[in-house]
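The lines below spell out each chain.
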Amino acid sequence: MGRRATLRREQLGLSREEVAARAGASPDYVRYVEEQAAEPDIGFLLRLAGALDTTVDELAGSTTELPAGFGAAGRHPEVLVLSPEECRERLSTHGIGRVAVTLRDTPAVFPVNYTVAGELIAYRTHADSGPAAAAGHQVALEVDHIDEAMSQGWSVLVVGPAHVVTGFYEAQRLDEHAHTAPWVGEGRYQWIAIRPTRITGRRIRVTGTGG
């Protein structure tokens, strides 16, 4: 729970002091909850969830096995078109996306840990894996975020040609930009880079949330 609370606080750009003030607690106790195996009472959990604009179930991890979008739709949703600059801002520097490729004339989608390095968006994989089949073809990479608590979110689609990174210095540059190893394990050293020719995005905002 502490890791989820910390991640949510960082997503909102809040300090421990700000969360503590919202939850009616001391910053030291918020630190304790984030860093230790704490078991706070339901009253504090409700206040903490409110301070972090989320739910107790989310903090407790009760929804981790559910697909995104399980929550109720918000009232008066508004669909906004994201500019290329806003899309790139949401892509940030790294994260998890889904790359769409064709394998033996059959469409397939794979989750990948991606990294943004200048104009390129790249991911590491096995040379003979499904995601590696993107090389030499036009591919699509989708990245999205769903905020169950606020019934809103966004989605960004990147389209462009993919290639195998063979140059030593280019691979080294990508290694330096990578913030994490692939979640699925070691042995994935082949960089596949996408040079975007089109970046589009949509955002669902619920009127009155200020999001």
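In this text, all values refer to a predicted model and were calculated from it rather than measured experimentally.

### As for the environment of Ala-162
Locating Ala-162 in the fold gives a position in strand E6 (residues 152–164). Through-space distance from the C-alpha of Ala-162 to that of Ala-133 is 9.3 Å; in sequence the pair is 29 residues apart. For Ala-162, the contacting residues outside a window of four places in its chain are Ala-134, Ala-135, Gly-136, His-137, Val-139, Ile-192, Ala-193 and Ile-194.

### A few points about the environment of Ala-49
Examined against the element boundaries, Ala-49 turns out to sit in helix H4 (residues 42–51). Taking relative accessible area as the criterion, Ala-49 reaches 3% and is therefore assigned buried. Taking C-alpha positions, Ala-49 is 9.9 Å from Val-19, a pair spaced 30 residues apart along the chain.

### Notes on the confidence of the model for the chain
Scored by pLDDT, the chain comes out at a mean of 84, with 88% of its residues at no less than 70. Within the chain, helix H5 (residues 56–60) has the poorest average pLDDT of any element, 81, and helix H2 (residues 16–23) the best, 93.

### Focus: helix H3 (residues 27–35)
Of all the residues in H3, the buried ones are Val-30, Val-33 and Glu-34. Looking down the long axis of H3, one finds its buried residues gathered within 100° of arc, a one-sided arrangement. Where H3 is buried, its residues contact helix H1 (2–12), H2 and H4.

### Thoughts on the packing of aromatic side chains
Under the criterion given, the structure shown has 3 aromatic pairs. Consider the rings of Tyr-29 and Phe-44, whose centres lie 4.9 Å apart with planes at 75°: the pair is edge-to-face. Highlighted residues: Tyr-29 in helix H3 and Phe-44 in helix H4, separated in sequence by 15 residues. Residue Tyr-29 is classed as partly exposed on the basis of its relative accessible area, which comes to 30%.

### Concerning unusual backbone geometry
In this structure, Asp-53 takes a positive phi of about 55° despite not being glycine. Counting through the fold element by element, Asp-53 comes out in the loop between H4 and H5. Using a relative accessible area of 32% as the deciding quantity, one classes Asp-53 as partly exposed.

### Observations regarding the nonpolar core
Counting 22 residues, the largest nonpolar core has Leu-91, Leu-141, Val-156 and Val-158 as its most contacted members. Those elements giving two or more residues to this core turn out to be helix H6 (84–91), strand E2 (94–103), strand E3 (106–117), strand E4 (120–125), strand E5 (138–147), E6 and strand E7 (190–194).

### Describing the pairing of E2
Where E2 lies against E3, 10 bridges are found, and the strand directions are antiparallel. Counted as the bridge partner of Gly-95 is Tyr-114 from E3. Connecting E2 to the antiparallel partner E3 that follows it, the hairpin turn spans 2 residues, and Arg-104 within it adopts a positive phi of roughly 50°. As paired elements, E2 and E5 share 3 bridges and run antiparallel to each other. From the neighbouring strand, Arg-98 faces E5, where its bridge partner is Glu-142.

### So, the side chain of Glu-34
On the secondary structure map, Glu-34 appears in helix H3. Its relative accessible area of 10% is what places Glu-34 among the buried residues. Looking at Glu-34, its side chain comes within polar contact range of the side chain of Thr-6, at 3.4 Å. Polar side-chain contacts of Glu-34 include one of 2.7 Å to the side chain of Arg-16. With residues up to four places along the chain from it excluded, the contact list for Glu-34 reads Gly-2, Arg-3, Ala-5, Thr-6, Arg-9 and Arg-16.

### What to know about the pattern of salt bridges
The tally for this structure, following the rule as stated, stands at 8 salt bridges. One network of salt bridges, with partners in common, ties together Arg-9, Arg-16, Arg-31, Glu-34 and Glu-35.

### A look at the packing of H2 against H3
Between two packed helices, the angle of one axis relative to the other and the distance separating the axes together describe the packing. Contact pair H2 / H3: the axes reach a minimum separation of 8 Å and the direction vectors enclose 105°. When the axes of H2 and H3 are compared, the pair comes out roughly perpendicular. Of H3, the residues touching H2 (which contributes Arg-16, Glu-17, Val-19 and Ala-20) are Pro-27, Val-30, Arg-31, Glu-34 and Glu-35. Its residues assigned to classes, the contact of H2 with H3 comprises 4 nonpolar, no polar and 5 charged.

Conventions adopted
Residues numbered from 1 in each chain as written. Predicted model: local features only at pLDDT ≥ 70, side-chain atom pairs only at ≥ 80, totals over all residues. Heavy atoms only, no water. Helix = DSSP H or I, 4+ residues; strand = E, 2+ residues; numbered from the N terminus. Contact = heavy atoms within 4.5 Å. Buried < 20%, exposed > 50% of the residue type's maximum accessible area, 1.4 Å probe, protein only. pLDDT = per-residue confidence, 0-100. Arc of directions from axis to C-beta. Phe/Tyr/Trp six-rings, centres within 6.5 Å; stacked < 30°, edge-to-face > 60°. Core = buried A, V, L, I, M, F, W, Y, C linked by side-chain atoms within 4.5 Å. Pairing = 2+ DSSP bridges. Polar contact = N/O pair within 3.5 Å; in protein donor to acceptor, adjacent residues only side chain to side chain. Salt bridge = Lys/Arg side-chain N within 4 Å of Asp/Glu carboxyl O. Axes fitted to C-alpha atoms, helices over the stretch in contact; angles between N-to-C directions. Parallel < 35°, antiparallel > 145°, perpendicular 65-115°, else oblique. Nonpolar A, V, L, I, M, F, W, Y, C, P; charged D, E, K, R; others polar.

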